[in-house]
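# Residue-level structure breakdown
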Amino acid sequence: IEGEKIILKNKLTQNEVYMEIDSSIETKNINILDINVHLSVRMGSREMSLKDIYQFESGTIVMMRQHTDDLVELVANNKVIAKGEIVVDGDEMGIRIKELVK
């Protein structure tokens, strides 16, 4: 809900929580499928010491623990939802979904 903070007290029952939320906001007809979700692609990860990170400069290459044929992860709101392969179309990049993650 844009611009509003809803603070839930941990001693409320589930029905009381719903009533408190309903009474504090204006009810709107919202189709859940119209909600925007931030997507990102994660190609790998690794741990490095702060000492090594501090020495980064333009042109530094940080190698991941992934191989070129490993699938990348499609992430929605910090949750992996699919895995796929990188595709290049001209000067743009995308991901071809190979498997959905449940």
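Each remark here, short or long, concerns the structure printed above.
The text that follows walks through the structure, step by step, so that each part is easy to find. Since this is a predicted model, take the numbers as computed values, not measurements. (Residues numbered from 1 in each chain as written. Predicted model: local features only at pLDDT ≥ 70, side-chain atom pairs only at ≥ 80, totals over all residues. Heavy atoms only, no water.)

Two strands in a sheet stick together by hydrogen bonds in their backbones, pointing the same way (parallel) or opposite ways (antiparallel). What the four strands build is an open sheet, ordered β1-β2-β3-β4; its pairing is antiparallel. Strands with a single pairing partner mark the edges of an open sheet, and in this sheet they are β1 (39-42) and β4 (92-100). Taken pair by pair, the neighbouring strands of this sheet meet at an average axis angle of 40°, ignoring direction. (Pairing = 2+ DSSP bridges. Helix = DSSP H or I, 4+ residues; strand = E, 2+ residues; numbered from the N terminus. Axes fitted to C-alpha atoms, helices over the stretch in contact; angles between N-to-C directions.)

This paragraph deals with the pattern of salt bridges. Going through the model one piece at a time under the given rule, you end up with three salt bridges. Note that arginine 96 and glutamate 85 form a salt bridge whose closest N and O atoms lie 2.7 Å from each other. Within this pair, whereas arginine 96 is found in strand β4, its partner glutamate 85 is found in strand β3 (residues 79-89), the two being separated by 11 residues in sequence. We classify glutamate 85 as partly exposed; its relative accessible area is 28%. Here lysine 98 makes a salt bridge to glutamate 85, at a shortest N to O gap of 3.9 Å. Of the two residues, lysine 98 is situated in strand β4 and glutamate 85 in strand β3; the sequence distance between them amounts to 13 residues. Owing to a relative accessible area of 49%, lysine 98 belongs among the partly exposed residues under this scheme. Through salt bridges with shared partners, a single network forms among Glu85, Arg96 and Lys98. (Salt bridge = Lys/Arg side-chain N within 4 Å of Asp/Glu carboxyl O. Buried < 20%, exposed > 50% of the residue type's maximum accessible area, 1.4 Å probe, protein only.)

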